[in-house]
Protein chains: 2
Amino acid sequence: MSTKPYKGFEPAWIKEAAPAKSYRSIFRWGDPEFVKYPKEALYKMMKETFKMTDDDFKGYCGDVGLDEVKLDMPSKLDEKHINALKEIFGDEFVSVEDYDRLSVAYGQTAYDLMRMREKRIDSLPDVVVYPDTAEQVEKCVAYCVANKIPLYVYGGGSSVTRGVEPIKGGVSMDMRKRFNKVINFNETDQTITVQAGMSGPCLEKTLNEAVKNFGAKRAYTCGHFPQSFEYSSVGGWVVTRGSGQNSTYYGCITDIVLSQKYATPIGRVETSHYPREATGPNLNQIMMGSEGTFGVLTEVTLKIFRYMPENRKRYSYIFKDWETAMDAAREMMQSECGFSSVFRLSDPEETNLMLRLYNVDETPLHPLLDKLGYKDMERCLFLGFTEGEEGYSKNVRKNIAKIAKKHGAMSLTGFVCKSWEHGRFNDPYMRDSMMDFGICTDTLECTVNWSNMAQVHRDVRKVCHALPNTIVTTHMSHCYPQGANLYFIFITKISDAEEFKAYHTTILDAIQKSGAAISHHHGIGKMFAPWLEGYIGKTEYGMVRALKNYFDPDYLMNPGGTIGLDLPEEDKKFLKENN
Amino acid sequence: MSTKPYKGFEPAWIKEAAPAKSYRSIFRWGDPEFVKYPKEALYKMMKETFKMTDDDFKGYCGDVGLDEVKLDMPSKLDEKHINALKEIFGDEFVSVEDYDRLSVAYGQTAYDLMRMREKRIDSLPDVVVYPDTAEQVEKCVAYCVANKIPLYVYGGGSSVTRGVEPIKGGVSMDMRKRFNKVINFNETDQTITVQAGMSGPCLEKTLNEAVKNFGAKRAYTCGHFPQSFEYSSVGGWVVTRGSGQNSTYYGCITDIVLSQKYATPIGRVETSHYPREATGPNLNQIMMGSEGTFGVLTEVTLKIFRYMPENRKRYSYIFKDWETAMDAAREMMQSECGFSSVFRLSDPEETNLMLRLYNVDETPLHPLLDKLGYKDMERCLFLGFTEGEEGYSKNVRKNIAKIAKKHGAMSLTGFVCKSWEHGRFNDPYMRDSMMDFGICTDTLECTVNWSNMAQVHRDVRKVCHALPNTIVTTHMSHCYPQGANLYFIFITKISDAEEFKAYHTTILDAIQKSGAAISHHHGIGKMFAPWLEGYIGKTEYGMVRALKNYFDPDYLMNPGGTIGLDLPEEDKKFLKENN
């Protein structure tokens, strides 16, 4: 990625591809050829914030992982099991190689990246298998259950909750290689059925080119674009209850899924495929969120949407303060004029950073903002774009403009929006470049209602800022008439995994204490598990356990604390008074 | 209700109010003062269809239930239990009177009405209690569980699935008298929290008058208007997963509920109140559809919507045939122009009847339709209206007009729509008048996807028409981009309860064989229970049973087959090949 040359000192950002088979090739985000690092203005800002000097950027902080993976941790699984798995998957699709095993050991939370940089291997599967068909997955689940072998799934690998981590060893299914096929395309119903390992970009391309691929009448879109889009899988979206950045219009994945098929310890489970039913508890909604603990998701049928980018209207506004901006956002969501697709409101601290990231600081407008009454560290940036049929899209755009104006906002045109779109999927690359110098970026997010949004924002920021040298930016996205997601990005000088974990815990405690839902779309995994029962309530959580005992009484599916199911009582956090 | 005087013979429709304390006052629909009966043209049509003459309408068919309720079935519950319940609810809110007990014994399926006319009392609670608070309900549930007493709930009483029937006797909670209060109104979040016994009209009036009632800034609507609206309860909507006639815009009740509170045998259960979460399986979606078998719903928080009837646009169109009309409806639902609120498409047989019911047969247009190419028993009537912000509403209306025109439809203006609105909640009254002469009206409904809609419509109608003397009208409503509800109304000459049940079974078998979801919004209750496990699948159904065993291991909550939980294996219907 090209960036303007620095005028002053430039740190030695690692710009070359990570060597094949290296640690770095595993922990580094995405495309090995692609690099992103801060532009000079941002670099200067970081030095100031973290009280660092150029000297601090003259050498890397710890190991940057350029060496080849070599472990002294042989597979503990008996040869007969390996052979049995080869019977199921074929010889070349079963691996006990160090690199293959380490590749699926961790996800993408900073805790994972730091442990990998520290060459600290807490978890490792004994064997990795590469499924081709749902039947193979079913056979493998049955084999693991019969032989009491723990079973894990690695979808796209972008989990930030330790969801994929094979804490108890055993088998890990790597879905990336072969489990990514289209099973059915139904244009009449506007649905597509895919294997769970289908990647985001592959699904979207398949749908955009539906005319060519399926002889369809028109192009379609999946409507689901999480930040991790490029390295996420459909299965991961579904089992964690993910949301894309366009969810305010298209819905979260739980709205987009029509039906699912699982391989569970007690056999195949298929949910029904109708848009609504009054036939008892909703089984689709039970399976989504089970995060691999009830069984392995094999196939998913998704609703699809007409691909009409020609109707997209972009907007961005600057508001004078957070409170007014929140009011305006609420009015937009409750006015019943239709919903914007991307709908993102940054708080003052994030706005300060984003105006730099989106290069508004390089325009003549930037110095004028203060004079016009939109003051730095008070002003709030709001941006988004609309989708849908032309008249619908126009009407949403028109109403947003009207409401923004009524709340004293000034339009920044579609310029900011385009900058955001340009960088929307590649921000994670910057994280690696900064971590090479000991600066950690991570995120936490939660759901709030409009009525407790201001308080949660205040409480969580207060806790974050009590920690030294921290930037905490917040935005509201994934909005609803009743509330929204609050998304916290914290950037701080930490490079030790355990120090990070303690920091993360402090913030999560604050989120739970504030009363917010502990995750809107990242899921629970093993990292957030200690807080889950405390958040849901003991009697309520018992439903999840009852379902687990039905499906997997031997606790072999994604064991080791996932969604709190096999977590020791003393590890659980009960912060609410009524628990 | 005034109807034009008949020119020829007029049957002696019972026009006076049902006597107080009479059987008729229980089984008759709704307002005791309101009567509706067929106009002369419809009466003539029925005579033809059912091969009847005026003579057949000169005397009532069986007992019309004008006498006072007197049963010889004393309460079997021990006096100490009655006293304990009086401790909980207060002396005057516990009744063992015949009339009070019979009032809550049956719902509103034709099977119920016929049994009541036959004075056949299959089920009767031993005692009726009238809760005032959630705490009383919790105490009552705990008491019943401790003493192994079956517990039933009677909400609005409009169940058409035998959902409320106290098959095992015990306690029935009648929610109508006192359990109907507003607990909280939150204008910021646009939510209202109510007790489960709150009636539809009371909720709607409360919201329409929010300015007066709560000092709100504007008026609101609940957005949920089932045909049974006037005699339905919020609790009934929620536990059965109901849908209102405006659901295509507002969503089904499962979309409208934000959170719920239950009194279960293992204690209070409260679901969280955020619009979306990624915190494991969705507990709200587990509890909805449990139909009283996991516990008693006490309080519900609903999303509310801005009340803007001034923006409503009405439309009706006549299409040349069912196939073209289905295509047009699908295009409207998939075009992403926004959704109409009421969205109802009648098949040719229903259109034939509806043009009479909506008095189009009295306009000069009626005889012209055939000449214009919209032929009787081929043409299809499509009607609806829009809601939402002005521009949104207009855009939906505009796109519907465009798509209708493209599919060769002719506008019938808003006239038909207004007729429909006028009668939308009082059609059930006509049912009683016809049943006095042995003509039975009942409904069955299911969900289909667009791709199997035509086939389900054909298969089910074929089975219905194989039965003698039957009118079967069908409409599509509650539409989605992926499918819709198909709603069958059958009118036939049956007056014997068991004959009706056999008839009902035949049609339901046909629905399940056709592959449709066995209920879109009526729920399962005890009447549809035999088909549920066969529809869902054995392994899948086990989830429901696992949850039941968690909440109510003694099977005391709405026992007697509700959602198939305590149904003998031999009563279950497994029609699908893969079950």
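Structure shown above.
Below, the structure is looked at part by part. Bear in mind that the values here come from a model prediction, so they are computed numbers and not experimental data.

Conventions we followed
- Residues numbered from 1 in each chain as written.
- Chains lettered and ligands numbered in written order.
- Predicted model: local features only at pLDDT ≥ 70, side-chain atom pairs only at ≥ 80, totals over all residues.
- Heavy atoms only, no water.
- 1 Å grid on protein atoms, 1.4 Å probe; cavity = no way out; pocket = protein on both sides within 12 Å on 5 of 7 lines; lining within 4 Å.
- Points joined across faces, edges and corners; volume = space filled by probe spheres on them.
- Helix = DSSP H or I, 4+ residues; strand = E, 2+ residues; numbered from the N terminus.
- Patch = residues over 30% accessible without salt bridge, like charges linked within 9 Å, V, L, I, M, F, W, Y side chains within 5 Å.
- Areas by Shrake-Rupley, 256 points an atom, 1.4 Å probe, with all protein chains shown as cover.
- Salt bridge = Lys/Arg side-chain N within 4 Å of Asp/Glu carboxyl O.
- Lys, Arg positive; Asp, Glu negative; His and termini not counted.
- Charge placed at Lys NZ, Arg CZ, Asp CG, Glu CD.
- Pairing = 2+ DSSP bridges.
- Axes fitted to C-alpha atoms, helices over the stretch in contact; angles between N-to-C directions.
- Contact = heavy atoms within 4.5 Å.
- Polar contact = N/O pair within 3.5 Å; in protein donor to acceptor, adjacent residues only side chain to side chain.
- Nonpolar A, V, L, I, M, F, W, Y, C, P; charged D, E, K, R; others polar.
- Buried < 20%, exposed > 50% of the residue type's maximum accessible area, 1.4 Å probe, protein only.
- Least-squares fit on C-alpha atoms with pLDDT ≥ 70 in both.
- Phe/Tyr/Trp six-rings, centres within 6.5 Å; stacked < 30°, edge-to-face > 60°.
- Lys NZ or Arg CZ within 6 Å of the ring centre and 35° of its normal.
- Core = buried A, V, L, I, M, F, W, Y, C linked by side-chain atoms within 4.5 Å.

## Observations concerning the layout of surface pockets
All names here are of chain B.
(1) Moving on: Space inside the second largest pocket adds up to approximately 750 Å³.
(2) Moving on: Lining the second largest pocket are 32 residues, with Ser25, Tyr154, Gly156, Arg176 and Tyr231 positioned closest to its centre.
(3) Moving on: Mapped onto the lining of the second largest pocket, the elements with two or more residues apiece are helix H1 (23–27), helix H4 (98–103) and helix H5 (110–117).

## Regarding a positive patch on the surface
(1) Moving on: Together, Lys217 of chain A together with Lys398, Lys402 and Lys406 of chain B line one region of the surface with positive charge.
(2) Moving on: Within the fold, lysine 398 of chain B resides in helix H16 (residues 390–406).

## What about the sheet that holds strand S5 (residues 182–186) of chain A?
Residues and elements named next belong to chain A.
(1) Moving on: Strand order in the open sheet made by the 5 strands is S5-S6-S10-S8-S9, with antiparallel pairing throughout. For this open sheet the edge positions go to S5 and strand S9 (267–270), each flanked by a neighbour on one side alone. Taking each pair of neighbouring strands and ignoring which way they run, the sheet shows an average axis angle of 10°.
(2) Moving on: Pairing analysis gives 5 bridges linking strand S6 (residues 191–195) to strand S10 (residues 296–303), with the strands arranged antiparallel. Bridge assignment links isoleucine 192 to a residue of S10, and that residue is leucine 302.

## Things to note about the interface of chain B and chain A
(1) Moving on: Of the residues lining the interface, 89 residues belong to chain B; the matching set on chain A comes to 88 residues.
(2) Moving on: One salt bridge in this structure joins aspartate 255 of chain B and arginine 276 of chain A, with 2.8 Å as the shortest N-O distance.
(3) Moving on: The interface formed by chain B and chain A contains 51 residue pairs in polar contact (both at pLDDT 80 or more).
(4) Moving on: The leading source of residues in the side of chain B that touches chain A is helix H22 (residues 538–551) of chain B, at 10 residues.
(5) Moving on: Residues of the side of chain B that touches chain A, tallied by class, amount to 38 nonpolar, 35 polar and 16 charged.

## Regarding the environment of histidine 273 of chain B
(1) Moving on: Its place among the elements puts histidine 273 of chain B in the loop between strand S9 (267–270) and helix H12 (283–287).
(2) Moving on: Since its relative accessible area comes to 37%, histidine 273 of chain B is described here as partly exposed.
(3) Moving on: Taking the C-alpha atoms as reference points, histidine 273 of chain B and serine 243 of chain B, separated by 30 residues in sequence, lie 21 Å from one another.
(4) Moving on: For histidine 273 of chain B, the residues in contact, after removing those within four places along its chain, are Asn449 of chain A together with Leu258 and Ser259 of chain B.

## Re the sheet that holds strand S4 (residues 171–174) of chain A
All names here are of chain A.
(1) Moving on: The mixed open sheet is built from 4 strands, whose spatial order is S1-S2-S4-S3. A single partner strand is all that each edge strand has here, and the edge strands are strand S1 (94–95) and strand S3 (151–154).
(2) Moving on: As paired elements, S3 and S4 share 4 bridges and run parallel to each other. Pairing of leucine 151 across the sheet is with valine 171, part of S4.
(3) Moving on: Against the sheet, helix H6 (residues 134–146) makes contact with S3 and S4, and its axis sits at roughly 170° relative to S4, the strand it touches most.

## Topic: the relation of the copies chain B and chain A
(1) Moving on: In screw terms, the move from chain B to chain A is a rotation of 180° and a rise of 0.0 Å along the axis, fitting with an RMSD of 0.0 Å. Those values place the two copies in the arrangement expected of a two-fold rotation axis.
(2) Moving on: Counting the interface residues of chain B, we find that 99% of their copies in chain A are interface residues as well, pointing to one common contact surface.

## Remarks on the packing of aromatic side chains
(1) Moving on: Under the defined criterion, the tally for this structure stands at 53 aromatic pairs over all chains.
(2) Moving on: With a centroid separation of 5.0 Å and an interplanar angle of 85°, the aromatic rings of phenylalanine 343 of chain B and phenylalanine 382 of chain B are classed as edge-to-face. Of this pair, phenylalanine 343 of chain B sits in strand S13 (residues 342–346) while phenylalanine 382 of chain B sits in strand S14 (residues 380–385); the two residues are 39 residues apart in sequence, bridging distant segments of the chain.
(3) Moving on: Every member of this aromatic cluster is reached through a ring pair, and the members are Tyr249, Tyr250, Phe305 and Tyr392 of chain A together with Tyr249, Tyr250, Phe305 and Tyr392 of chain B.
(4) Moving on: Positioned above the aromatic ring of tyrosine 23 of chain A is the side chain of lysine 119 of chain A, whose terminal nitrogen or guanidinium carbon lies 4.7 Å from the ring centre.

## What about helix H21 (residues 529–536) of chain A?
(1) Moving on: Of all 8 residues in H21 of chain A, 8 are buried, a share of seventy percent or more.
(2) Moving on: Buried within H21 of chain A we find Ala529, Pro530, Trp531, Leu532, Glu533, Gly534, Tyr535 and Ile536 of chain A.
(3) Moving on: Its buried side turned inward, H21 of chain A meets helix H20 (497–514) and helix H22 (538–551) of chain A together with S9 and H12 of chain B.
(4) Moving on: Looking one or two residues beyond H21 of chain A, the residue adopting positive phi is glycine 537 of chain A, at roughly 110°.

## What to know about the nonpolar core
Nonpolar side chains in soluble globular proteins generally cluster together in the buried interior.
(1) Moving on: Grouped together as the largest cluster of nonpolar side chains are 295 residues, with contacts concentrated most on Met476 of chain A together with Met476 of chain B.
(2) Moving on: In this view, methionine 476 of chain B contacts Trp322, Met326, Ala329, Phe343, Arg344, Leu345, Trp450, Met453, Ala484, Asn485 and Leu486 of chain B; residues no more than four positions away in its chain are not counted.
(3) Moving on: Membership of the second largest hydrophobic core comes to 36 residues, among which are Val35, Met52, Leu383 and Leu412 of chain B.

## Topic: the pairing of S6 of chain A
Residue and element names in this part refer to chain A.
(1) Moving on: Most of S6 is tucked away, with 5 of its 5 residues classed as buried.
(2) Moving on: Side chains Thr191, Thr193 and Gln195 project from S6 onto one buried face, and the interleaved Ile192 and Val194 project onto a second face that is buried too.
(3) Moving on: Here S5 pairs with S6 via 4 bridges, running antiparallel. Counted as the bridge partner of valine 182 is valine 194 from S6.
(4) Moving on: Here S5 folds back onto S6, and the loop between the two strands holds 4 residues, one of which, glutamine 190, carries a positive phi near 55°.

## Quick word on the environment of phenylalanine 89 of chain A
All names here are of chain A.
(1) Moving on: Assignment of secondary structure puts phenylalanine 89 in helix H3 (residues 79–89).
(2) Moving on: Note: C-alpha distance between phenylalanine 89 and histidine 457 (368 residues apart in sequence) is 49 Å.
(3) Moving on: Excluding residues within four positions of it along the chain, phenylalanine 89 makes contact with Val94, Val129, Tyr130, Pro131, Gln136, Cys140, Met173 and Arg178.

## Remarks on unusual backbone geometry
(1) Moving on: In this structure, glutamine 190 of chain B is a non-glycine residue whose phi angle is positive, near 55°.
(2) Moving on: Relative to the helices and strands, glutamine 190 of chain B is located in the loop between strand S5 (182–186) and strand S6 (191–195).

Worth remembering: the numbers are spatial, not functional.
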